[in-house]
Amino acid sequence: MDIKFVANEVSYRDAMDGDIKQLSFAEDEDDDPLNPSKYYLQLSVNNEFPPFSPSVEWFDGRKYDGGADVSRYHLERNVLRIWLDNNAKFTITFDVNDSVYECVSGFFSDLL
């Protein structure tokens, strides 16, 4: 499964002094999170309890899925490629300011 989309919304959130982190890429920031119709990929990690690997969930335009592990990734300034252990591959194009990009880059360098 090869999923490609342009993320018009990229968001990074953390809580509990950075112990809980969430990074999301969404095709449409106004899409209903309970009934999505647009592509998105979300990675979350809880550093309070092992394992410290991110949980992954996504919507591929037809159905919601999740639970796979990240096997590798490649991050460029405007493109993220992620391969999951279930043979799914994501290519996400995005355009963000420097501060958001630093959060995206930091998420991956801290966790993976």
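The structure under discussion appears in the preceding block.
Here the structure is a predicted model, which means the values were calculated and not measured.

Next up on the list: the overall build of the protein chain. When helices and strands are tallied, the protein chain shows 1 helix and 9 strands. In the protein chain, the succession of helices and strands from N to C terminus is β-β-β-β-β-β-β-β-β-α. Computed over its C-alpha atoms, the radius of gyration of the protein chain comes to 13 Å, within 12% of the 13 Å expected for a compact globule of 112 residues. Out of the 112 residues in the protein chain, the part that is buried amounts to 38%. Within the protein chain, counting contacts between residues at least 6 apart in sequence, those at least 24 apart form 38% of the total. Carbon and sulfur atoms make up 45% of the accessible area of the protein chain, which totals about 6500 Å².

On to the sheet that holds strand β8 (residues 79-84), then. Pairing in this open sheet of 4 strands is mixed, and the strands run β1-β9-β8-β7 from one edge to the other. Every interior strand has two partners, whereas the edge strands, β1 (2-7) and β7 (70-75), have only one. Neighbour-to-neighbour, the strand axes of this sheet turn through a mean angle of 15°, independent of strand direction. Sheet topology note: the β8/strand β9 (residues 89-94) ladder contains 5 bridges and is antiparallel. Along β9, the bridge assignment pairs Leu80 with Ile92.

What follows is about the pattern of salt bridges. Taken as a whole and judged by the stated rule, the model has 4 salt bridges. The partner of Arg62 in a salt bridge is Asp60, with the nearest N and O atoms 3.3 Å apart. Across the salt bridge formed by Asp98 and Arg77, the nearest N and O atoms sit 2.9 Å from each other. Separated by 21 residues along the polypeptide, Asp98 in helix α1 (residues 98-111) and Arg77 in the loop between β7 and β8 bring together distant segments of the chain. The class of Asp98 is exposed, set by a relative accessible area of 53%. Here Arg77 falls in the partly exposed class, since its relative accessible area comes to 32%.

Moving on to unusual backbone geometry. Despite not being glycine, Asn87 has its phi angle at roughly 75°, a positive value. Take Asn87: it is sitting in the loop between β8 and β9.

For Tyr39, the location among the structural elements is in the loop between β3 (20-26) and β4 (40-46). Judged by relative accessible area, Tyr39 falls into the partly exposed class, the value being 25%. Not counting the four nearest positions on each side in its chain, Tyr39 is found in contact with Ile3, Phe5, Phe25, Ala26, Glu27, Phe59, Asp60 and Gly61.

The rules we used
Residues numbered from 1 in each chain as written. Predicted model: local features only at pLDDT ≥ 70, side-chain atom pairs only at ≥ 80, totals over all residues. Heavy atoms only, no water. Helix = DSSP H or I, 4+ residues; strand = E, 2+ residues; numbered from the N terminus. Rg over C-alpha atoms; globule rule 2.2 N^0.38 Å. Buried < 20%, exposed > 50% of the residue type's maximum accessible area, 1.4 Å probe, protein only. Contact = heavy atoms within 4.5 Å. Areas by Shrake-Rupley, 256 points an atom, 1.4 Å probe, with all protein chains shown as cover. Pairing = 2+ DSSP bridges. Axes fitted to C-alpha atoms, helices over the stretch in contact; angles between N-to-C directions. Salt bridge = Lys/Arg side-chain N within 4 Å of Asp/Glu carboxyl O.

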